[in-house]
Structure formats: C-alpha cells, structure tokens
2 protein chains.
Amino acid sequence: MKLTHLLALSGSLLMSSTAIADRIQQEPIKPIEPAVITEPEKVELGKKLFFDPRLSRSGFISCNSCHNLSMGGSDNLPTSIGHNWQEGPINSPTVLNSSMNVAQFWDGRAATLQEQAAGPIANPMEMAFTHTLAIDVLRSIPQYVADFEEIYGTPEIELDHVTDAIAAFEETLVTPNSRFDLWLKGDDKALTDDELAGYRRFKEIGCVACHNGAAAGGTSFQRMGVVEPYVTDNPAEGRYAVTGKDADRFSFKVPTLRNVELTYPYFHDGAYWTLEEAVDVMARLQLGQQLAQSDIDNITAFLKTLTGDQPDFSLPILPPSTNDTPRPVPFE
Amino acid sequence: MKLTHLLALSGSLLMSSTAIADRIQQEPIKPIEPAVITEPEKVELGKKLFFDPRLSRSGFISCNSCHNLSMGGSDNLPTSIGHNWQEGPINSPTVLNSSMNVAQFWDGRAATLQEQAAGPIANPMEMAFTHTLAIDVLRSIPQYVADFEEIYGTPEIELDHVTDAIAAFEETLVTPNSRFDLWLKGDDKALTDDELAGYRRFKEIGCVACHNGAAAGGTSFQRMGVVEPYVTDNPAEGRYAVTGKDADRFSFKVPTLRNVELTYPYFHDGAYWTLEEAVDVMARLQLGQQLAQSDIDNITAFLKTLTGDQPDFSLPILPPSTNDTPRPVPFE
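In the nomenclature of an unreviewed UniProt entry, chain A is known as Cytochrome c551 peroxidase of Methylophaga lonarensis MPL. Under the UniProt heading Subcellular location (unreviewed entry), the note attached to chain A is "Periplasm".

So, the interface of chain A and chain B
Contact residues are listed per partner, giving 46 residues for chain A and 46 residues for chain B. Here chain A and chain B share an interface that buries about 4000 Å² over both sides, 69% of which is from carbon and sulfur atoms. When the area that chain A buries against chain B is broken down by residue, the three leading residues are A:F60, A:W85 and A:F331, summing to 22%. The interface formed by chain A and chain B holds zero salt bridges in total. Counting across the interface, chain A meets chain B through 14 residue pairs in polar contact (both at pLDDT 80 or more). Of the residues assigned to the side of chain A that touches chain B, the class counts are 22 nonpolar, 17 polar and seven charged.

As for the relation of the copies chain A and chain B
Screw-axis analysis of chain A against chain B gives a translation of 0.0 Å along the axis, an RMSD of 0.0 Å, and a rotation angle of 180°. What the superposition gives is, in effect, a two-fold axis relating one chain to the other. Using C-alpha coordinates, one finds that chain A approaches the rotation axis most closely at A:S314, a distance of 2.0 Å. Interface overlap between copies: 100% of the residues of chain A at the interface are likewise at the interface in chain B, consistent with a symmetric, same-surface contact.

As for the packing of helix α10 (residues 193-204) of chain B against helix α13 (residues 293-303) of chain B
Residues and elements named next belong to chain B. Between α10 and α13, the least distance of the axes is 7 Å, while the angle of their chain directions is 105°. As summarised for this structure, α10 and α13 are arranged roughly perpendicular, according to the angle between their axes. Packed against α10, whose contacting residues are D194, E195, A197, G198, Y199, R201 and F202, the element α13 presents D295, N298, I299, A301, F302 and L303 at the interface. Residues that form the contact of α10 with α13 fall into these classes: seven nonpolar, two polar and four charged.

Structural notes on the nonpolar core
With 79 residues, the main nonpolar core has A:L49, A:L69, A:Y144, B:L49, B:L69 and B:Y144 as its most contacted residues. Contact partners of A:L49, with chain neighbours within four places excluded, come to A:L55, A:C63, A:L138, A:Y144, A:F148, A:V162, A:A165 and A:I166.

Concerning the pattern of salt bridges
In the structure shown here, the tally under the stated rule is 36 salt bridges over all chains. Between A:R201 and A:E204 there is a salt bridge; the shortest N-O distance is 2.9 Å. Here A:E204 and A:R201 lie together in helix α10 (residues 193-204), a separation of three residues that amounts to about one turn. Look at A:R201 and you get partly exposed, because its relative accessible area is 24%. Across the salt bridge formed by B:E27 and B:K203, the nearest N and O atoms sit 2.7 Å from each other. Within this pair, whereas B:E27 is found in the loop between α2 (17-26) and α3 (40-51), its partner B:K203 is found in helix α10, the two being separated by 176 residues in sequence. For B:K203, a relative accessible area of 27% corresponds to the partly exposed category. If you follow the salt bridges from partner to partner, you end up with A:E39, A:K42 and A:D164 in one network.

Let's talk about the UniProt feature "domain: Cytochrome c" (unreviewed entry) in chain A
Taking the UniProt record as the reference, the feature "domain: Cytochrome c" (unreviewed entry) is found at residues 41-149 and 193-307 of chain A. Split by type, residues 41-149 of chain A is 39% helix and 0% strand. Its first and last C-alpha atoms lie 11 Å apart.

With respect to the domain arrangement of chain A
Residue and element names in this part refer to chain A. Assigned domains of chain A: these are domain 1 (2-30 + 177-304) and domain 2 (40-171). For domain 1 and domain 2, the distance between their C-alpha centres works out to 27 Å. Facing 27 residues of domain 1, the contacting portion of domain 2 comprises 23 residues. Buried area between domain 1 and domain 2, both sides added, is near 1900 Å², and the carbon and sulfur share of it is 60%. On the domain 1 side of the interface with domain 2, the three residues burying the most area are K253, T263 and H268, jointly 25% of the side's total. Inspection of the domain 1/domain 2 interface yields zero salt bridges. Linking domain 1 with domain 2 are 10 residue pairs in polar contact (both at pLDDT 80 or more), by the criterion used here. Put simply, the parts of the chain that give the side of domain 1 that touches domain 2 at least two residues each are α11 (240-243) and β2 (251-253). For the side of domain 1 that touches domain 2, the per-class residue count stands at 13 nonpolar, 10 polar and four charged.

Let's talk about the side chain of A:T256
All names here are of chain A. When you line up the elements, T256 lands in the loop between β2 and α12 (275-287). A distance of 2.4 Å separates the side chain of T256 from the backbone oxygen of A215, its partner in a polar contact. In terms of polar contacts, T256 uses its side chain to reach the backbone amide nitrogen of R258, at 3.0 Å. Ignoring anything within four residues of it in the chain, the contact list for T256 reads T94, L96, A215, A216, G217 and G218.

Remarks on helix α3 (residues 40-51) of chain A
Helix length check: α3(A) (12 residues) gives 17 Å between terminal C-alpha atoms against 16 Å at 1.5 Å per residue, within 8%. All of the buried residues along α3(A) are A:K42, A:V43, A:L45, A:G46, A:K47, A:K48, A:L49, A:F50 and A:F51.

A short note on unusual backbone geometry
All names here are of chain A. Here the bond from Y264 into P265 is cis, since omega is -10°, no more than 30 degrees from zero. Turning to its location among the elements, P265 is positioned in the loop between β2 and α12. With a phi angle near 60°, N97 is a residue other than glycine that sits in the positive phi range. Take N97: it is sitting in the loop between α4 (63-66) and α5 (113-122). In this structure N97 comes out as buried when scored by relative accessible area, which is 0%. The backbone of A216 sits at a positive phi, close to 50°, despite the residue not being glycine. Considering the arrangement of structural elements, one finds A216 in the loop between α10 and β1 (221-223).

Describing the packing of aromatic side chains
Taken as a whole and judged by the stated rule, the model has 34 aromatic pairs over all chains. Ring centres of A:Y230 and A:F267 lie 5.8 Å apart, and the angle between their planes is 85°; this geometry places the pair in the edge-to-face category. Of this pair, A:Y230 sits in the loop between β1 and α11 while A:F267 sits in the loop between β2 and α12; the two residues are 37 residues apart in sequence, bridging distant segments of the chain. For the pair A:Y230 and A:F267, one class covers both residues: buried. Residue placement shows A:R239 over the ring face of A:F221; its charged tip is 4.2 Å from the ring centre. Across from the ring centre of B:W183, 4.1 Å away, lies the NZ or CZ of B:R23, which sits over that ring.

Cut-offs and rules
Residues numbered from 1 in each chain as written. Chains lettered and ligands numbered in written order. Predicted model: local features only at pLDDT ≥ 70, side-chain atom pairs only at ≥ 80, totals over all residues. Heavy atoms only, no water. UniProt positions renumbered as here; feature names shortened; annotations may be inferred. Contact = heavy atoms within 4.5 Å. Buried area = accessible area lost by both parts, 1.4 Å probe. Salt bridge = Lys/Arg side-chain N within 4 Å of Asp/Glu carboxyl O. Polar contact = N/O pair within 3.5 Å; in protein donor to acceptor, adjacent residues only side chain to side chain. Nonpolar A, V, L, I, M, F, W, Y, C, P; charged D, E, K, R; others polar. Least-squares fit on C-alpha atoms with pLDDT ≥ 70 in both. Axes fitted to C-alpha atoms, helices over the stretch in contact; angles between N-to-C directions. Helix = DSSP H or I, 4+ residues; strand = E, 2+ residues; numbered from the N terminus. Parallel < 35°, antiparallel > 145°, perpendicular 65-115°, else oblique. Core = buried A, V, L, I, M, F, W, Y, C linked by side-chain atoms within 4.5 Å. Buried < 20%, exposed > 50% of the residue type's maximum accessible area, 1.4 Å probe, protein only. Domains from an automatic or database assignment. Expected span 1.5 Å × (residues − 1). Phe/Tyr/Trp six-rings, centres within 6.5 Å; stacked < 30°, edge-to-face > 60°. Lys NZ or Arg CZ within 6 Å of the ring centre and 35° of its normal.

This is how it looks when you write it as structure tokens:
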C-alpha cells in the first residue's frame, strides 16, 4: 500500500480538508477506519479460538474453515462444508467488517457477533459440537485456562467468555485503505475514470439505497427479488424464519460490498460466481434496470476498489491438548 | 523465548566453547539451526500454495488442513479427514523439520519434499484433484502467474514449479531453540533434573538407536514391533509397499520426536494419545523394556523439552480467483 499511500498524500495536498469532509459527508459510502485495539490480550485469545478446530466435534473445523481470513473471510464455496461433509444451507458470509452489520447471519437471528459465535459450534450441520463439550476441551488446556483467568478474572471458562473473546477478535477484522476510501479521503487519483463512472452509475440507479454506510451494506434487511422474483433451489426464507411475518419472507440482510472481489460466489445461495453476473441480476431484480454491458463493467470495476487492507497478523500457535483433553470424534 | 535466551547466554558463559562443542559432538541428538532463507520470494509463494484450498477438488482442503501449522504441523487426529470426509489410511506426519527426513511419507515412497507435495493433491482420498486441474486453477489467477514468472522465469506454471515452491516453504519450517537445544548449546539450567534424568534413561535403554540426529528421528526405517508385535487394526504395511521385500513389512520411517508434545496422537495409526503410553509401548515393543512409571514420567518430561520455536509468519492472503478460474466441486 505504500505507493497508494503516497498517492493519497499527494492527492490530499490538492484538496482542502473542508472539501474532503464535504465529500465524505455527501457520499453514501463512508470510509472504514482502522481498528482501535484496547484489549490486545483478549484479541489474541479470540484469534486462537477462531483458529482452533477443537471447538468442533471432529477436531477439524474451526471458525476459520468457513470464514477463511486468507480468502476474504469466506470459504469461496456456494454453501459451506460442515461436519461429516454435510452441505450447508446457505452461503458463508464474510467475517470481514462484520462488526458493522445491523445483526449477524443472513436472517439476522443473532443480534451481536458474540451471539453469532456460539451458533456454528453447536450447529449439527457445521461444527456439530455442544457448548458443554467445547468448554470441557478448553478447560483441559492450562494455557487457555491461564488466558481466560488473566482476561476475565476467573479460571472458570464460560461460554460467554469464549464468544466474547472471539467477537473481540472479529471486531479487529476491518479493512481500511481500499482505493475507494483513499478517494473518499481526497485522493482523486485513487480511482480510474471507469471506476468513478461505475460508482456514479451505482448511485444513479439506486444501489446505494441498500449498499450504503462504511460497509456498503449490512445495515438493513431487504427482500431478495423486488421487481422480479429471485429464482433459486435454495429453500432459505430469510428474515421470515426469525419474525414469522409474511412480509419478511425472502428478506435477507443486505451483504457488505467491502472486499466483494474476494467473497465470491454471490448471494445467499452462492449461485453466481462473477461480479458481472451479480451486478446484472441485482440491477434487474431489485431495481428493474437492464444495464448496458459498459455499465456492468464499470460498476464491477468500482466494486473492486472496495478491497481494503486484509487482516495482517501472525498465524496463531494453539496451546496443545493434554492427557485430560476430551478427544475429537472425526468419524462416528 | 527471551528469558530462556538470556538463560542460555548466562549458561554459556559458564561453559567454554570447547566444552559446548564436545557436548554437541557427544550427544546423539544435535541442535536444530534456524532456517537460512536464500529465496524469500519463492518461500512466500510456497506459503500461499501451502494454504491454498484451491489445490483441492472441493476448494476446501489445503496442505495446512492436515499439516496445520497452528498445531505442530499435524492435524491431531488419528488419521486424516480427506475429500468427502473420507477416513485417511494413516496418521498425518508433522511437516515441521520434515526437510531432515531421509524420505517422505511413513513408507518413504517420496524421496524429497518436492516429490511428496504432489502426492496429496492428486490422491482421491485426500485433496482428490488432478495435477492438470490444479495447474489450470493457478494459471487462471494473474497474481500467481506473475509470482511464478518472477521466480521461475516463465509464466507457464508447471507442476514441478508448484511443488518446488511448496518444498521451499516447508524447508523453512524448522523449530530451533527448544529447551533441549539450549541445553545442548551449554545452558545447564535449561533442563530440570527430571528432564535430564529422562534424557539419560532415553539414551541408556536405546531409544537413541533410532531417534537421533537433529530431528531425533526421521533418518531410518524400522520395523514397528521388534520384540513384541504391534497390534493394530490399521492395514498399512509400511516400507513393504515400496520395496516389495518381506523384510520391509511393517517397517516405517522413524518419526521425528521434535515437537512431539504437539503432534499427538502417536504412531502410524494414531492409536495412542498420551506420550506416557507411547513411551511405554515403544520401550516394550522395540526394546523389550518394561519401564518404571518414574522412568516413563521422566522420559515424557524430556520429550516435552524438544518443543522448539513454532513457525512465526503472517497468515498468507491468497490472490482471488477470476472469472476464468475453474470452480471447486465440493459436492458431487
């Protein structure tokens, strides 16, 4: 990023701070700021837990298996592979910038990252464990006990502490310094003409009605298929599963467009692999717009400017199991 | 490691360099030296490939899945989980210090790390891909093409280059600075009395006949069950599968004992989860020794001093697929 930082600097020299503030104020997508880490020990613990497959029945699946931080915080599969190679019901959403979501999961059934983190551990389709067994594993590992005691003041490891630590780590997974953000912050050279044209079109046709804010999404639930129905074999009914209201049928959380270049395939069913297709489908189904190919190409080019700094940290080294650690059950 | 480094320094001040050289000369286990990286770009490329699940048919399994560098370079399962959750035939050996092995795989069927790296990609029980398809994936990703061109002088990505880069990364996965190595290098305080007693017993009863050298193993093939037969349901016949010689039946490569605290469960069938059990079984079956519990405990304590510095590097960020990248086939 060094060259682009320099460009950003040279760009901002040409634009007054007032003009920059105006731009940020006026644009519907806001810049992402770097994470401010106030509890580094908790984040470190959460990182270890995020990468620890011993939170799964098999000892093989960790949070990172489906929210792979080497791959945009997703698994780049239509739907995920769970315990015993079960085919998951829905596309794994990226964990990147997920702290900015109004709620977690496609249907928003978890209010917070902490609440979300407990879900997959005990989901028989995913990690297929129980919270009790997962806690038993952690309690058998002295290094974890020491970590939890230092951070939470008690050697008793509780599920709330496990999920709190994972959430604290996930809150650090923001992706600042995308080229789009450099442009927002006054570097006019950060975007090409095509990318800027794509962004203008993105605003004109109404994409920003839902894809707005710092995450360019994640702030509301919207019906998938407004103008035309979305045709899919996927049985998910979205927000309806949470509220039971007919009006919420096929209403899903609007996904973030940050790092969307990395989080293919697209939509809750993962049915579309290219951004061009995704842009075309969204414009037709949500906005009743049949876009010209040049618009699709430019909007796609713009979307790729939303790729920010990816997580940069050392691979965590996990504390070893002991003779008392319950053993994984990979095969029945 | 800073404190132990200081201790090592203070220890070496008390021991002359000649005495240290003598100790290293006389002991059957030699210290591990840090990796000297001469081609950092190749190592970086190899690291990405090691973590890239797109080398598998499913898009879900990478080298790191079964040789997890967060967990001693192993998967801590009796036998590995492969494509479609197939149960692997043998325990996944650690990749740590594997460059010191006389050959790769339990039966030594690959002469080099480079040769080994090609195996799991195309093994239908493991990553279940073909080399041709894996290369097609890499060729479709411009960042990989650029990396290979920079390092190998040609944009044509060849299997030999892929496995060469993976091997170059694996060669860096050595684990120096274990407490045992600090002791070898003159720090008498690096080991406790129990650990030293365990090491003495380890030598006296003959474990060092096979577990010697810098890796404390990996240098020869030996029959599993010399004095008594090893009872297992695992059908692997070891070196016999390679040579076809009856004398090689049940002969396996002696595993390294470096980081053995992290690489449970033990033996080629992964049937034993504790070091105490593994020590007891080895002493009886290989050496005809029924060890006292105090000997087992001391030898176990010694073995835990062989845990060295674990790999310390940033999680690699993988270059994204493109519209031309062949798509993974997680489910048939």
